[in-house]
Amino acid sequence: MKKTTNLPKFNSQDGRCYWMKPEVQEDLQPLFDQCIQDAIDGRITRLDSLWPPVVVSSQGAPFEVWQLLRAWTEIQRAETLDAEQAIAFSENLRRQSRWGEIDHHLLDMLKRELQEKYFVATDNEDDRFWNREYSLKPGIHAEQVPEPLLRFACYVAVNYKVYGMSFQYLDTNYLLGLVGKVRPDIVEKLKENGTGRLPFNLQKRKTVHFTASANDAFAVIRITARDNTEECCHEVLNYLCELLEQDDFPRSYAVEFKGPEKKYLPITGLPQKGVNQLFACAVQYPSLHHLMERYARLAMRQYEQYTNLSDELCALPGSFAVFALGMLGQEWRQLVWDYLDLCDDEHSRLQEKFLREYVKQFGFTADTVPVFVRGVLSMQDMKYSKDYAAWMANAESLGALLETKSRLSEIVPSGFSSDEDDDEDDTPSQETEASPEEVLQYAWETVCYVIWGKNSAKGGQKVVDAAPEELKEMYRQVFINIKKERIQRK
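Throughout what follows, the structure given in this document is the object of discussion. (Residues numbered from 1 in each chain as written. Predicted model: local features only at pLDDT ≥ 70, side-chain atom pairs only at ≥ 80, totals over all residues. Heavy atoms only, no water.)

A short note on the overall build of the chain
Phase 1 of the analysis: A tally of helices and strands in the chain yields 21 helices and nine strands.
Phase 2 of the analysis: When its C-alpha atoms are laid out on the principal axes, the chain stretches across 90 × 70 × 50 Å.
Phase 3 of the analysis: The buried share of the chain, taken over its 490 residues, is 51%.
Phase 4 of the analysis: Per element, the accessible surface of the chain, about 23700 Å² overall, is 47% carbon and sulfur.
Phase 5 of the analysis: Within the chain, one finds 58 positive and 77 negative side-chain charges whose respective centroids are separated by 3 Å. (Helix = DSSP H or I, 4+ residues; strand = E, 2+ residues; numbered from the N terminus. Buried < 20%, exposed > 50% of the residue type's maximum accessible area, 1.4 Å probe, protein only. Areas by Shrake-Rupley, 256 points an atom, 1.4 Å probe, with all protein chains shown as cover. Lys, Arg positive; Asp, Glu negative; His and termini not counted. Charge placed at Lys NZ, Arg CZ, Asp CG, Glu CD.)

Overview of the packing of aromatic side chains
Phase 1 of the analysis: For the coordinates displayed, the defined rule picks out 26 aromatic pairs.
Phase 2 of the analysis: When the ring of Trp72 is compared with that of Phe152, the centres are 6.3 Å apart and the planes differ by 65 degrees; the resulting orientation is edge-to-face. One end of the pair, Trp72, is in helix α2 (residues 65-75); the other, Phe152, is in helix α5 (residues 147-163), with 80 residues separating them in the sequence. For the pair shown, Trp72 and Phe152 are each scored as buried.
Phase 3 of the analysis: For the pair Phe323 and Tyr339, a centre-to-centre distance of 5.7 Å together with 85 degrees between the ring planes defines the contact as edge-to-face. With Phe323 in helix α12 (residues 319-326) and Tyr339 in helix α13 (residues 333-342), this residue pair connects regions lying 16 residues apart in the sequence.
Phase 4 of the analysis: Owing to a relative accessible area of 0%, Phe323 belongs among the buried residues under this scheme.
Phase 5 of the analysis: In textbook terms, an aromatic cluster arises when at least three aromatic residues are bridged by ring pairs, as seen for Phe249, Tyr253, Tyr306, Phe320, Phe323, Tyr339, Phe354, Tyr358 and Phe362.
Phase 6 of the analysis: In this structure, Arg98 packs its charged tip against the face of Trp51, placed 4.8 Å from the ring centre. (Phe/Tyr/Trp six-rings, centres within 6.5 Å; stacked < 30°, edge-to-face > 60°. Lys NZ or Arg CZ within 6 Å of the ring centre and 35° of its normal.)

Considerations on the sheet that holds strand β8 (residues 220-225)
Phase 1 of the analysis: Reading across the sheet, the four strands line up as β6-β7-β8-β9 and stay open at both edges, with mixed pairing between neighbours. Two strands close off the open sheet at either side, each with one partner strand: β6 (204-206) and β9 (254-258). Between one strand axis and the next, the sheet turns through 10 degrees on average, direction left out of account. (Pairing = 2+ DSSP bridges. Axes fitted to C-alpha atoms, helices over the stretch in contact; angles between N-to-C directions.)

Points about the pairing of β8
Phase 1 of the analysis: Bridging between strand β7 (residues 210-215) and β8 involves six bridges; their strand directions are antiparallel. Across the sheet, Asn215 pairs through a bridge with Val220, a residue of β8.
Phase 2 of the analysis: Between β7 and β8, which follow one another and run antiparallel, lie four residues, and Ala219 among them has a positive phi close to 55 degrees.
Phase 3 of the analysis: Running through helix α9 (residues 230-244), the crossover from β8 to the neighbouring parallel element β9 is right-handed. (Right-handed = clockwise from strand over helix to strand, strands pointing away.)

As for the pattern of salt bridges
Phase 1 of the analysis: This model, assessed by the stated rule, comprises 24 salt bridges.
Phase 2 of the analysis: A salt bridge links Lys117 to Glu79; the nearest nitrogen and oxygen atoms lie 3.2 Å apart. Remark: Glu79 occurs in the loop between α2 and α3 (83-96) and Lys117 occurs in helix α4 (residues 99-118); sequence separation between them is 38 residues.
Phase 3 of the analysis: Taking the relative accessible area as the measure of exposure, Lys117 reaches 27% and is therefore partly exposed.
Phase 4 of the analysis: For Glu79, a relative accessible area of 53% puts it in the exposed group. (Salt bridge = Lys/Arg side-chain N within 4 Å of Asp/Glu carboxyl O.)

A few points about helix α15 (residues 368-376)
In an α-helix there are 3.6 residues to a turn, and that puts residues three or four apart on one side.
Phase 1 of the analysis: A large share of α15 lies buried, amounting to nine of its nine residues.
Phase 2 of the analysis: Taken as a whole, α15 has its buried residues at Thr368, Val369, Pro370, Val371, Phe372, Val373, Arg374, Gly375 and Val376.
Phase 3 of the analysis: Those residues of α15 that are buried lie in contact with α13, α14 (351-362), α16 (386-392), α17 (395-406) and α18 (436-452). (Contact = heavy atoms within 4.5 Å.)

Quick word on the nonpolar core
Phase 1 of the analysis: Ranked by internal contacts, the top residues of the largest apolar core, which has 159 residues, are Leu93, Phe152, Tyr253, Phe279, Tyr295, Phe372 and Trp452.
Phase 2 of the analysis: With 12 residues, α5 is the single largest residue contributor to this core.
Phase 3 of the analysis: In this view, Tyr295 contacts Leu240, Cys241, Leu244, Tyr253, Val255, Phe279, Tyr306, Gly318 and Ala321; residues no more than four positions away in its chain are not counted. (Core = buried A, V, L, I, M, F, W, Y, C linked by side-chain atoms within 4.5 Å.)

Brief notes about the pairing of β7
Phase 1 of the analysis: Of all six residues in β7, five are buried, a share of seventy percent or more.
Phase 2 of the analysis: If you look at the hairpin formed by β6 and β7, you'll find three residues sitting between the two strands.

What to know about the sheet that holds strand β3 (residues 62-64)
Phase 1 of the analysis: Taken together, three strands build an open sheet; the order of strands is β1-β2-β3 and the sheet is antiparallel. Each of the sheet's edge strands pairs with one partner strand only, and the pair in question is β1 (45-46) and β3.
Phase 2 of the analysis: Direction of pairing for β1 relative to strand β2 (residues 54-56): antiparallel, over a ladder of two bridges. The partner of Thr45 across the bridge, within β2, is Val56.
Phase 3 of the analysis: Lying on the sheet, α2 is in contact with β2 and β3; it crosses β3 at an angle near 75 degrees.

Structural notes on unusual backbone geometry
Negative phi characterises most residues that are not glycine, and trans characterises most peptide bonds.
Phase 1 of the analysis: Following Trp51, the chain continues into Pro52 via a peptide bond in cis, with omega recorded as 0 degrees.
Phase 2 of the analysis: Within the element layout of this structure, Pro52 appears in the loop between β1 and β2.
Phase 3 of the analysis: The backbone of Asp381 sits at a positive phi, close to 60 degrees, despite the residue not being glycine.
Phase 4 of the analysis: Residue placement: Asp381 occurs in the loop between α15 and α16.
Phase 5 of the analysis: For Asp381, a relative accessible area of 65% gives the class exposed.
Phase 6 of the analysis: Located in the positive-phi region is Lys458, a residue other than glycine, with phi close to 55 degrees.
Phase 7 of the analysis: Locating Lys458 in the fold gives a position in helix α19 (residues 457-466).

Side note on the environment of Asn308
Phase 1 of the analysis: Turning to its location among the elements, Asn308 is positioned in the loop between α11 (289-299) and α12.
Phase 2 of the analysis: Each C-alpha atom, one on Asn308 and one on Phe200, is 24 Å from the other, the two residues being 108 residues apart in sequence.
Phase 3 of the analysis: Among residues more than four places away in sequence, those in contact with Asn308 are Tyr253, Ala254, Val255, Glu256 and Lys273.

Encoded structure:
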């Protein structure tokens with residue numbers, strides 16, 4: 001990526017990016033404008049995994065996503081809006097951050113440029129905007145409402161359905177309701193065929209073994225299998241891979257699968273959804289394992305999720321394929337590791353169910369302990385279980401844990417924070433940034449708590465005291481503060 005030399009000094013409070021303050025706006029404006037254009041052209045990259053999200057332009061200039069959105073939406077007008085550019089701009093920023101970071105700016109712009117310019121509410125003005133009835137203003141005809149504006153409103157409406165929280169279906173209905181007053185054919189076509197960008201043989205597919213349809217607008221894949229044969233599973237997996245190879249297909253989506261046999265993966269707590277059933281069936285056939293891996297690697301994307309799972313059971317796309325293969329043995333350890341490397345605590349919680357079954361089956365070993373530790377740190381508040389302490393209570397497992405502790409800096413994810421109050425809406429803290437040792441210590445304490453619970457407090461003294469004499473020293477080493485341990489080594 002080509003970057004401009006001699007960039008001005010970053011002036012944000014956290015030192016990560018530029019803020020468009022009045023005293024530097026003239027100098028920063030060309031860099032800011034270029035970053036907006038790069039967002040349209042798909043040439044921005046995410047700076048890091050911290051919040052608020054920051055993207056970097058092709059010239060190397062970092063700006064917060066919300067600043068770009070606010071500036072861009074403020075100058076958009078119904079009469080001149082370019083739908084393709086607007087969709088590209090919004091989609092590229094969403095992919096580098098999340099829908100919840102950009103939606104309110106887009107919705108406010110559509111309220112102003114679509115609802116307020118062309119519609120009048122015909123019922124109780126005290127109702128919330130999504131509960132009101134709207135009709136075109138007197139003297140305005142349907143053909144006067146610009147089609148690009150309507151297409152962009154459909155894009156935002158669909159994203160609320162695909163990426164929004166459960167209650168935000170109200171925003172979807174509100175926007176599609178406005179569009180439907182003017183161009184009901186656009187809404188019907190969207191619901192029936194999606195955007196139209198998918199090849200027809202992917203929109204609909206029918207073979208001897210299965211029928212399927214895919215709607216890229218609403219990010220839903222529906223599959224009905226007629227049998228549980230290897231040939232059927234092979235065709236279904238190939239179809240999913242073909243879909244995900246399409247650049248424009250949403251990376252968060254729902255797989256609604258129906259098969260003749262209600263069989264699920266042997267992992268307690270996994271939702272008994274069709275996608276679970278699909279991979280429980282496919283994993284029975286060794287010849288399909290590498291095709292399952294191909295699907296998983298196409299599907300796995302950080303900050304994305306299966307959209308038909310509840311918030312408390314949210315999961316990265318590809319999760320069920322990874323779980324099915326991971327439970328087969330260490331041949332698939334790298335796939336599991338790569339999967340956990342992409343999980344984030346906002347969109348992925350289901351790995352907790354897998355990790356417990358994984359350790360239960362294979363034990364705490366030199367192969368599994370690093371995977372377990374990486375998994376614990378991939379989510380917030382993984383539950384303590386007394387079983388973990390029981391499975392760890394042997395020299396081999398404790399040795400594997402100590403070896404993992406010595407390499408902890410290689411395992412802790414780059415975005416992991418020692419700040420327990422990680423609320424992105426809070427005012428940035430004035431406290432001194434945690435040192436690398438403090439971050440590692442907090443990560444290690446998190447792991448120890450999942451294994452030993454409250455007994456891990458105060459240096460794990462209760463755990464050490466209760467340990468068999470031959471294991472006491474190993475337990476002591478587990479609970480030694482990482483910073484003190486490094487000083488002792490020196």
